[in-house]
Amino acid sequence: MNDTPAVIGLIAGGRQYPLLVARGVKAAGHRLVAVAFTGHSNMDVAGLADEFREMKLGQLGKLIDYFKHNHVNRVIMAGTINKPKAMDVRHLDMRALRLVFKRKDKGDDALLRALASEFESEGMPVVPAHAFLPDLLTPEGVLSRRAPDEREMSDARFAIEVARALGRLDIGQCVVVREGIVTAVEALEGTDETVRRGCSLGGPGCVVAKVFKPGQEDRVDLPSIGPDTLRIMAQGGASCLVVEAGKSLFFDREAALAEADRAGIAIYGFPGARDGASGSC
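Notes on the structure follow.

Definitions and limits used
- Residues numbered from 1 in each chain as written.
- Predicted model: local features only at pLDDT ≥ 70, side-chain atom pairs only at ≥ 80, totals over all residues.
- Heavy atoms only, no water.
- Helix = DSSP H or I, 4+ residues; strand = E, 2+ residues; numbered from the N terminus.
- Buried < 20%, exposed > 50% of the residue type's maximum accessible area, 1.4 Å probe, protein only.
- Contact = heavy atoms within 4.5 Å.
- Pairing = 2+ DSSP bridges.
- Axes fitted to C-alpha atoms, helices over the stretch in contact; angles between N-to-C directions.
- Salt bridge = Lys/Arg side-chain N within 4 Å of Asp/Glu carboxyl O.
- Arc of directions from axis to C-beta.
- Polar contact = N/O pair within 3.5 Å; in protein donor to acceptor, adjacent residues only side chain to side chain.

## Details of the environment of alanine 12
Working step 1: With respect to the secondary-structure elements, alanine 12 resides in strand S1 (residues 7-12).
Working step 2: In this structure alanine 12 comes out as buried when scored by relative accessible area, which is 1%.
Working step 3: It is 19 Å that separates the C-alpha atoms of alanine 12 and leucine 137, two residues lying 125 residues apart in sequence.
Working step 4: Sequence-distant contacts of alanine 12, defined by excluding residues within four places in its chain, comprise Pro18, Val35, Ala36, Phe37, Ser41, Val45 and Ala78.

If you want it as structure tokens, here you go:
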């Protein structure tokens, strides 16, 4: 984002990310027009917005009209949304129905790209939320007190390879591996349930990888980790987390690292792909 004041339309999902983004937008001197969804979003963004509207999930036409009425010229999407509920046709308006059913591919990335195109067709380009919060991006290298050992690094390399292969099919971002065996891959259930399942099947010592999908739409969706990720890993006996540096978000880093160090979990930010090359551990 440049320094010229803009009117930012924030589509707020759940958890803390939309609130952090709202603070970043206001700190940068932009006008903030926010929309939140009943039962899905962090409503605290209302206190920071210059204009705020609560809507039902799936009212795409109403959302676009609201942004246009308030002269929005940039759009940001931030926060979690429950995909099964978002895809419930009973709650979709005609514009949302057309967006969903004109596509054969209904993976996360495909749908987010299609959604971004809807706003851009109305003269409202979508910009990355993390542009206002660059310190949230995961740094490269060993981040925890303990570095991954040789066995964990071997599992990590394999997990990254598997995650990227699945990512090319727009399936998920998270893979759990132990001793070269895949114990769980992420689908619709999300990272937390994937880690729980993988650890319950693989037992202590599992390695968890979160990877940016090849060709993923980074303006609207990045892998993310935080204290909850580490708590769930600790509960399941996982021993190592690898996540793509510069292409993932690390929330509440200090608290998450403290959680990791208490449990003896190694965290490593591996270099992402550059100029079309595959990054590796």
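## Some thoughts on the sheet that holds S1
Working step 1: One open sheet holds the four strands; their spatial order is S3-S2-S1-S4, and the pairing between them is parallel. With one partner strand each, in any of the chains shown, strand S3 (51-55) and strand S4 (74-78) form the two edges of the open sheet. Within this sheet the neighbouring strands show an average axis-to-axis angle of 20 degrees, counted without direction.
Working step 2: Bridge analysis of S1 against S4 gives five bridges, and the strand direction is parallel. The partner of isoleucine 11 across the bridge, within S4, is methionine 77.

## Regarding the pattern of salt bridges
Working step 1: Under the definition given, this model contains 17 salt bridges.
Working step 2: Here aspartate 192 and arginine 15 are joined by a salt bridge, their closest N and O atoms 3.9 Å apart. Residue aspartate 192 is found in helix H7 (residues 191-202), and its partner arginine 15 is found in the loop between S1 and helix H1 (17-27); the two are separated by 177 residues along the sequence.
Working step 3: Among the residues examined, aspartate 192 registers a relative accessible area of 21% and is labelled partly exposed.
Working step 4: Put simply, glutamate 122 and arginine 95 hold a salt bridge, and the shortest N to O gap is 3.1 Å. Taken together, the residues glutamate 122 in the loop between helix H5 (108-120) and strand S5 (141-142) and arginine 95 in helix H4 (residues 94-101) connect sequence positions 27 residues apart.
Working step 5: Assessed through its relative accessible area of 27%, glutamate 122 is described here as partly exposed.
Working step 6: Overlapping salt bridges, with partners in common, bring together Lys68, Arg95, Glu118 and Glu122 in one network.

## Description of the side chain of histidine 130
Working step 1: For histidine 130, the position within the fold is in the loop between H5 and S5.
Working step 2: Setting aside chain neighbours within four positions, we find histidine 130 in contact with Tyr17, Leu137, Asp218, Leu222 and Leu249.

## Regarding H4
Working step 1: Considered for burial, the residues of H4 that qualify are Arg95, Ala96, Leu99 and Val100. Axial view of H4: buried residues confined to an arc of 130 degrees, hence all on one face. Residues of H4 that are exposed and point over 90 degrees away from its buried face: Met94 and Arg98.
Working step 2: Where H4 begins, the capping side chain belongs to aspartate 93, and its oxygen is found 3.2 Å from the backbone nitrogen of arginine 95.

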